[in-house]
Amino acid sequence: MNDMTIPFQSIGALLADHALSHSGKTAIFDLESDKGMDFAELRDAVERIAALLEIRGVRPGDRVALLCDERIEKLLVFLAIWRAGAVACPFHVESGIDHLRAILGHIEPTLVLLHQDLDGILPDSDKIISFGDWNPSDQSPGLFSMDPGDLIARAANTAGDIACIFSTSGTTDRPKCVVWDHLGLWLCGLSTI
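Residues numbered from 1 in each chain as written. Predicted model: local features only at pLDDT ≥ 70, side-chain atom pairs only at ≥ 80, totals over all residues. Heavy atoms only, no water.

Trainee: What is the right way to read the pattern of salt bridges from this model?
Mentor: Pairs can form between side chains of opposite charge once their charged atoms are near each other. Inspection of the entire model under this criterion finds seven salt bridges. In this structure, D44 engages R43 in a salt bridge whose closest nitrogen and oxygen atoms are separated by 2.9 Å. Here R83 ties to E47 by a salt bridge, and the two come within 2.8 Å at their closest N and O atoms. A residue pair is termed long-range when its members are at least 10 positions apart, and R83 in helix α3 (residues 72-83) and E47 in helix α2 (residues 39-55) qualify at 36 residues. Residue R83 is classed as buried on the basis of its relative accessible area, which comes to 6%. Taking relative accessible area as the criterion, E47 reaches 7% and is therefore assigned buried. If you follow the salt bridges from partner to partner, you end up with D69, R71, D117 and D133 in one network. (Salt bridge = Lys/Arg side-chain N within 4 Å of Asp/Glu carboxyl O. Helix = DSSP H or I, 4+ residues; strand = E, 2+ residues; numbered from the N terminus. Buried < 20%, exposed > 50% of the residue type's maximum accessible area, 1.4 Å probe, protein only.)

Below is the structure:
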């Protein structure tokens, strides 16, 4: 009989393993911005953002909305939401504002993370954190500069935990929410590999 065990790892374990075994190897690179980072830098950036999310009250299972166009910062924040044990809720920046407000009202996020290029599309709220571009040499306070030692709780997501609530594009009707667990996304990644 074949072993059908799927080698699932939490995002924290996965980042720690790769930072240890491939520390100086390029993990991600954004051709458009000409920015990249190795696996150790990726782990550190994700830990910093997760620390801020936890300090701002995000707990395992909480929903965190993410509004950002396609850039390296979106990936960093996405991974950090998972690292904090929360549910990532990314939205298309092209979504109509009425649809966006309706979906945000439906999912009731603990926080909304909004790239500064999109400032002003939502009314001001203490639930919104605006963030800029990641710069490894910038030590000013912000989303990417928290001390990872400040993590309140090191959440480990399991395969059955909800990972994402995506919003469809809404090309033929209003956007709808689609829920994925971590195992479903893990299997998509394995099939791509």
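Trainee: Hey, could you run me through the packing of aromatic side chains in this one?
Mentor: Describing an aromatic ring pair means giving the distance of the ring centres and the angle of the ring planes. Evaluation of the coordinates by the stated rule reveals three aromatic pairs. On the basis of an interplanar angle of 65 degrees and a centroid distance of 5.2 Å, the ring pair of F8 and W186 is categorised as edge-to-face. In this pair, F8 sits in the segment before α1 (11-21) while W186 sits in helix α5 (residues 182-192), placing the two residues 178 residues apart along the sequence. Judged by relative accessible area, which is 23%, F8 ranks as partly exposed. An aromatic cluster is defined as three or more aromatic residues linked by ring pairs; in this entry it consists of F78, W82 and F166. (Phe/Tyr/Trp six-rings, centres within 6.5 Å; stacked < 30°, edge-to-face > 60°.)

Trainee: Can you walk me through the layout of surface pockets in this structure?
Mentor: Take a probe with the size of a water molecule and roll it over the atoms, and the empty space left behind shows itself. Estimated volume of the largest pocket: approximately 690 Å³. Lining the largest pocket are 25 residues, with I11, L14, L79, W82 and W186 positioned closest to its centre. The element contributing the most residues to the lining of the largest pocket is α5, with six residues. Class assignment for the residues of the lining of the largest pocket results in 18 nonpolar, seven polar and no charged. (1 Å grid on protein atoms, 1.4 Å probe; cavity = no way out; pocket = protein on both sides within 12 Å on 5 of 7 lines; lining within 4 Å. Points joined across faces, edges and corners; volume = space filled by probe spheres on them. Nonpolar A, V, L, I, M, F, W, Y, C, P; charged D, E, K, R; others polar.)

Trainee: Help me out: how do you make sense of the nonpolar core in this one?
Mentor: The tendency in soluble globular proteins is for nonpolar side chains to be buried as a group. Membership of the largest hydrophobic core comes to 32 residues, with the highest contact counts inside it found for L42, L53, L66, L76, I81, W82 and L113. Among the secondary structure elements, those contributing two or more residues to this core are α1, α2, β3 (63-67), α3, β5 (111-115), β6 (128-131) and β7 (162-167). Each residue touching L53, except ones within four places of it in the same chain, is listed here: V58, A80, I81, A84, L111 and L113. In terms of nonpolar packing, the next biggest core, distinct from the first, is built from 14 residues, A65, L67, C89 and F91 among them. (Core = buried A, V, L, I, M, F, W, Y, C linked by side-chain atoms within 4.5 Å. Contact = heavy atoms within 4.5 Å.)

Trainee: I would appreciate a short explanation of α3 in the present structure.
Mentor: Side chains of residues three or four places apart in an α-helix project in the same direction, reflecting 3.6 residues per turn. In a regular helix each residue adds 1.5 Å, so twelve residues correspond to 16 Å; α3 covers 17 Å between its end C-alpha atoms and thus fits that length. Taken across its twelve residues, α3 has eleven buried, putting it largely inside the fold. Here α3 has its buried residues at I72, E73, K74, L76, V77, F78, L79, A80, I81, W82 and R83. Note on α3: the residue one or two positions beyond its end, G85, has a positive phi of about 80 degrees. (Expected span 1.5 Å × (residues − 1).)

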